[in-house]
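# Geometric and topological summary
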Amino acid sequence: MGVRETTIRTMSLADIETVVEIDRLSFSLPWSERVYRLELTENPAAHLYVAVKKKYTDENILGYIGFWYIVDETHISTLAVHPSERRTGIGEGLLIYAMEEAESLGAEVVTLEVRGSNQPAIMLYQKFGFEVVGRRPRYYKDNGEDAILMTLKDLPGWGQTRRKKINISYG
Ligand SMILES: CC(C)(COP(=O)(O)OP(=O)(O)OC[C@H]1O[C@@H](n2cnc3c(N)ncnc32)[C@H](O)[C@@H]1OP(=O)(O)O)[C@@H](O)C(=O)NCCC(=O)NCCS
């Protein structure tokens, strides 16, 4: 199941139940249903998207991404792919889609935090040009792990180049 059979669209309230299930499988400090609901209904800076596999009228959520857009800066707030769907290009498809959306809003810089032990995510971000710019000691409350701060400095034109390079098409 590759990204070519996947559609990416805006997350809706009806998606929250499945998104929260994937969140629990993906993070030791998952977001609750309430947090997703608030993000979708109360936070004007929040932008959330889901990757779905479609079969007739049924949709199966495979993963999701979120970012906050404030002035000309974007912060990636969440990104996860269901464990059984990983390593098939969905994570990078979501990242490229979200960054193109952020660029269209006017974003120039993208920031994020990632656990220092999270090699899959760090490799993903580095593959797409994010650089390590700092570290927040003991940032994660469950195990006191440091957060690695990563930045993509020059967003304009980024998505178009990346999409061309890996030849992604969306649903
Ligand atoms: C990080 C995550 C979203 C990646 O999603 P994915 O769909 O498996 O990633 P993709 O298949 O698109 O992989 C894209 C690139 O990411 C990197 N990558 C992904 N998984 C990797 C792994 N297990 N080991 C090393 N590199 C990995 C590679 O650079 C890969 O490119 P390649 O295939 O050319 O080697 C997924 O592992 C996940 O949901 N993890 C749990 C939640 C999480 O940590 N989110 C990030 C929070 S900051």
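Residues numbered from 1 in each chain as written. Predicted model: local features only at pLDDT ≥ 70, side-chain atom pairs only at ≥ 80, totals over all residues.

## Considerations on the overall build of the protein chain
When its secondary structure is counted, the protein chain shows 5 helices and 7 strands. Taken over C-alpha atoms, the radius of gyration comes to 15 Å for the protein chain, in line with the 16 Å a tight globule of 171 residues would show. Projected onto its principal axes, the C-alpha coordinates of the protein chain cover approximately 45 × 35 × 30 Å. Going through the 171 residues of the protein chain one by one, you find that 30% of them count as buried. Restricting the contact set of the protein chain to residue pairs at least 6 apart, pairs at least 24 apart contribute 61%. (Helix = DSSP H or I, 4+ residues; strand = E, 2+ residues; numbered from the N terminus. Rg over C-alpha atoms; globule rule 2.2 N^0.38 Å. Buried ≥ 20, exposed ≤ 12 C-beta atoms within 10 Å, placed from the backbone. Contact = placed C-beta atoms within 7 Å.)

## What about the site of the ligand?
Near the ligand, the surroundings consist of 19 residues, among which Arg86, Gly91, Pro120, Met123 and Leu124 are the closest. Those elements that place two or more of their residues in the shell around the ligand are β4 (73-81), α3 (90-105) and α4 (119-127). In terms of residue count, the dominant contributor to the shell around the ligand is α4 (6 residues). Of the residues belonging to the shell around the ligand, the class tally is 9 nonpolar, 6 polar and 4 charged. (Near = placed C-beta within 6 Å. Nonpolar A, V, L, I, M, F, W, Y, C, P; charged D, E, K, R; others polar.)

## Brief notes about the nonpolar core
Counting 38 residues, the largest nonpolar core has Tyr49, Ala51, Tyr64, Leu94, Ala98, Met99 and Val110 as the members making the most contacts within it. Counting only elements with at least two residues in this core, the list comes to α1 (16-26), β2 (46-55), β3 (58-70), β4, α3, β5 (109-115) and β7 (147-152). Ranked by the residues each element gives to this core, the list is headed by α3, at 8 residues. Not counting residues up to four positions away in its chain, the partners in contact with leucine 94 are Ile8, Tyr49, Ala51, Gly63, Ile65 and Leu79. (Core = buried A, V, L, I, M, F, W, Y, C linked by C-beta atoms within 7 Å.)

## Some details on α1
Turning to α1, its buried residues are Ile16, Val19, Ile22 and Asp23. All buried residues of α1 lie within an arc of 125 degrees about the axis, which places them on one face of the element. Contacts made by the buried residues of α1 are with α2 (33-42), β2, β3 and β4. (Arc of directions from axis to C-beta.)

## Some words on unusual backbone geometry
Phi angles above zero are rare outside glycine, and valine 71 is one such case at about 55 degrees. What makes valine 71 exposed here is the crowd of 9 C-beta atoms within 10 Å. Backbone geometry places arginine 87, a non-glycine residue, at a positive phi of 65 degrees. For arginine 87, the location among the structural elements is in the loop between β4 and α3.

## A look at the packing of α1 against α2
The axes of two packed helices give the description: the angle between them and the distance between them. Axis separation between α1 and α2 bottoms out at 9 Å; the angle between their running directions is 125 degrees. By the angle between their axes, α1 is oblique relative to α2. Handedness of the α1/α2 crossing: right-handed. Along the contact surface, α1 presents Ile16, Val19 and Val20, while α2 presents Glu33, Tyr36 and Arg37. The residue inventory of the contact of α1 with α2, partitioned by class, reads 4 nonpolar, no polar and 2 charged. (Axes fitted to C-alpha atoms, helices over the stretch in contact; angles between N-to-C directions. Parallel < 35°, antiparallel > 145°, perpendicular 65-115°, else oblique. Left-handed = near helix turned anticlockwise from the far one by under 90°.)

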